[in-house]
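Fold and contact review
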Amino acid sequence: MAPQWDLIIVGGGAAGLAAAVFASDRGGKVLVIDSAETLGGTLLVSHGQISAAGTKLQAEKGIDDSPEKHYQDALAISRGTIDRDLAHLAIFNAAETFDWLMDCGFDVMPDCPGTGSAHLPYSVPRYYWGEERGASIAKVLKQEVLKRQERSAVTIRLSTEAIGLAANGEDQVNGVIARNPDGSEDELESANVLLACGGYAGDAKAFEERNGVPLYVNTAYPFNKGTGLKLGESVGGYVRGKENYLCNSGWVLEGDAFPCEVTGRPSTYPETREPWEIWVNVHGRRYIREDEPSVDVREHALLIQPNYRYWIVFDDAILKEAPPVMIDWTKDQVAEAFESHPMFYRADTVVELARRSGTAESSLERTVEAYNASVAMQNDPLGRMHMPKPISSPPFYAIQCQGTAVTATAGLAVDEELRVIRKDGTPIKGLYAAGEILGAGQLQGNAFVGGMMAMPSLTFGRLLGQSLIPMPSYS
């Protein structure tokens, strides 16, 4: 007897919805289940930045680009740590995915494509985003999959959790055990199962277990609880990529009871605001020249600091004369934060500031003295160029900043056909994975490679939807 479904997709985000569209268009019987009450997944909370080379939009704008150039950029930015097979598969198929997205009405911003600025830029403009960020992509995907639901080509079951995988005696996955909204359970048979249910950054316990690092912030999609990784492991799959954990340049958090909310972002991009302050670690020592031009160097310098934490230190003259140190804050807002915010510290002496902020007292005092001497000579041992004022006018201030990661670093191991594999490299029949479940550590390596999370999710979903369902025969 033929299985009830040709393809069961666990997860209604970028990868899952793309797979549903393309599999159903080839005549496949497709079921999408998602534990959330709505479709969209991580796209609903992400920036949704995507990258693709050789697109129609680039051609219209006279931009000469190719997948090979994109691939070489990804290798260079990640310093060769990106998974080469997955990167090649994603990048050399991205343009077709992007062009399809545009044909479906993606509201790409008029200044796109760009090279990117938040992380190391591309050598060619190939970076895109919509007016509503990730929600722009989700809108297109939902529109397309709901069209197919209306003609019964796709079935969608929301608020339905995948709690297990079914396998036959030949060690082949042939279905999903699902828990329905009323608590009942179904065993759903399928020729193929695609795990596209996100990572684990929405669950503090899973995040720390998988990364070995606390989950510092509440910014991830709350349904990303690591369910898909557990499902893959339950039938012999394994997780890889943990060693590529990378944090951003730091945010100011609401407190130190993690995970917690974000108060704001300090201005750490010297190209938009040159630094007046110094940055110190918990030992009270500067760990980098604050005007280091490479965001990648700044991120990796923070990566080796205790608890990925640092303090921005300055004095009253800098508070009054410099542009606000917090992005999109006024000077008054910064000054007011020292009255009430637990991560903003003020003291009449540098020693007292260190005591209150939790940095080493004698070290911070020596650090400030050494920096002031560098300002006087305009010669900094760390190579800093912009040193407009010493830190010498009390009161003194410190703002605690926390490096954070907002995506899952580790992910299920797959082969070049996106089949979930065992540690010996053999594939688990009938089981595939795509999306954030593969992990940022595989898709970006030990770096932030622009657009290499959402775009591979879309592309891998499209490729699986096309490859898992045979073309219909009209003979």
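Residues numbered from 1 in each chain as written. Predicted model: local features only at pLDDT ≥ 70, side-chain atom pairs only at ≥ 80, totals over all residues. Heavy atoms only, no water.

**So, the pattern of salt bridges**
Pairing between side chains of opposite charge can happen when their charged atoms approach one another. Taken as a whole and assessed by the stated rule, the structure comprises 27 salt bridges. Of the charged contacts in the structure, one is a salt bridge between Arg 126 and Asp 73, with a shortest N-O distance of 2.8 Å. In this pair, Arg 126 sits in the loop between α5 (94–103) and β4 (127–128) while Asp 73 sits in helix α3 (residues 67–77), placing the two residues 53 residues apart along the sequence. Across the pair Glu 233 and Arg 210 runs a salt bridge whose closest N-O atoms are separated by 2.9 Å. Remark: Arg 210 occurs in helix α7 (residues 204–211) and Glu 233 occurs in helix α8 (residues 227–234); sequence separation between them is 23 residues. Of the residues examined, Glu 233 reaches a relative accessible area of 33% and is grouped as partly exposed. We classify Arg 210 as buried; its relative accessible area is 19%. What you see here is one network of salt bridges that share partners, running through Asp 25, Glu 144, Lys 147, Arg 148 and Arg 151. (Salt bridge = Lys/Arg side-chain N within 4 Å of Asp/Glu carboxyl O. Helix = DSSP H or I, 4+ residues; strand = E, 2+ residues; numbered from the N terminus. Buried < 20%, exposed > 50% of the residue type's maximum accessible area, 1.4 Å probe, protein only.)

**Notes on the sheet that holds strand β2 (residues 30–34)**
Two modes of strand pairing occur in sheets, parallel and antiparallel, and in both the strands are linked by backbone hydrogen bonds. Overall, mixed pairing links the six strands, which are arranged β5-β2-β1-β9-β19-β18 in an open sheet. What marks the edges here is a single partner per strand, and that holds for β5 (154–158) and β18 (419–421). Taking each pair of neighbouring strands and ignoring which way they run, the sheet shows an average axis angle of 30°. Here β2 runs beside β5; their pairing, made up of five bridges, is parallel. (Pairing = 2+ DSSP bridges. Axes fitted to C-alpha atoms, helices over the stretch in contact; angles between N-to-C directions.)

**Some remarks on the packing of aromatic side chains**
Counted according to the given criterion, the structure contains 17 aromatic pairs. Here Tyr 127 and Trp 129 contribute two aromatic rings whose centre-to-centre distance is 5.9 Å and whose plane-to-plane angle is 75°, an arrangement assigned as edge-to-face. In this structure, Tyr 127 and Trp 129 share a single accessibility class: buried. Consider the rings of Tyr 287 and Tyr 310, whose centres lie 5.9 Å apart with planes at 70°: the pair is edge-to-face. Of this pair, Tyr 287 sits in the loop between β13 (278–280) and α9 (295–303) while Tyr 310 sits in strand β14 (residues 309–315), placing them 23 residues apart in sequence. The same class applies to Tyr 287 and to Tyr 310, which are both buried. Here the aromatic residues Phe 314, Trp 329, Phe 338, Phe 344 and Tyr 397 are joined through ring pairs into a cluster of three or more. One cation-aromatic arrangement involves Arg 126 over Tyr 122; the distance from NZ or CZ to the ring centre is 4.8 Å. Across from the ring centre of Tyr 269, 5.2 Å away, lies the NZ or CZ of Arg 298, which sits over that ring. (Phe/Tyr/Trp six-rings, centres within 6.5 Å; stacked < 30°, edge-to-face > 60°. Lys NZ or Arg CZ within 6 Å of the ring centre and 35° of its normal.)

**Quick word on the nonpolar core**
Where a protein is soluble and globular, its nonpolar side chains tend to be buried together. Membership of the largest hydrophobic core comes to 151 residues, with the highest contact counts inside it found for Ile 50, Leu 195 and Phe 460. In terms of residue count, the dominant contributor to this core is helix α1 (residues 14–25) (eight residues). (Core = buried A, V, L, I, M, F, W, Y, C linked by side-chain atoms within 4.5 Å.)

**What about the side chain of Asp 73?**
When its relative accessible area of 13% is taken as the criterion, Asp 73 is described as buried. Of note is the side chain of Asp 73, whose polar atom sits 2.8 Å from the side chain of Arg 126. (Polar contact = N/O pair within 3.5 Å; in protein donor to acceptor, adjacent residues only side chain to side chain.)

**Remarks on the packing of helix α4 (residues 84–91) against helix α15 (residues 454–467)**
Relative to each other, α4 and α15 sit at 80°, their axes nearing to 9 Å. Judged on the interaxial angle alone, α15 and α4 are roughly perpendicular. Across the interface between the two elements, Leu 86, Leu 89 and Ala 90 of α4 pack against Pro 456, Thr 459, Phe 460 and Leu 463 of α15. Among the residues making up the contact of α4 with α15, the classes are represented as six nonpolar, one polar and no charged. (Parallel < 35°, antiparallel > 145°, perpendicular 65-115°, else oblique. Contact = heavy atoms within 4.5 Å. Nonpolar A, V, L, I, M, F, W, Y, C, P; charged D, E, K, R; others polar.)

**Some words on unusual backbone geometry**
Of note, the amide linkage connecting Cys 112 to Pro 113 takes the cis form, showing an omega dihedral of 0°. Mapping Pro 113 onto the fold places it in the loop between α5 and β4. The omega torsion across Pro 394 and Pro 395 is 0°, close enough to zero to call that bond cis. With respect to the secondary-structure elements, Pro 395 resides in the loop between α13 (361–377) and β16 (396–402). Phi is positive for Arg 79, which is not a glycine, with a value near 55°. Positionally, Arg 79 belongs in the loop between α3 and α4. You can call Arg 79 partly exposed: its relative accessible area is 44%. In this structure, Tyr 308 takes a positive phi of about 55° despite not being glycine. Relative to the elements of secondary structure, Tyr 308 occurs in the loop between α9 and β14.

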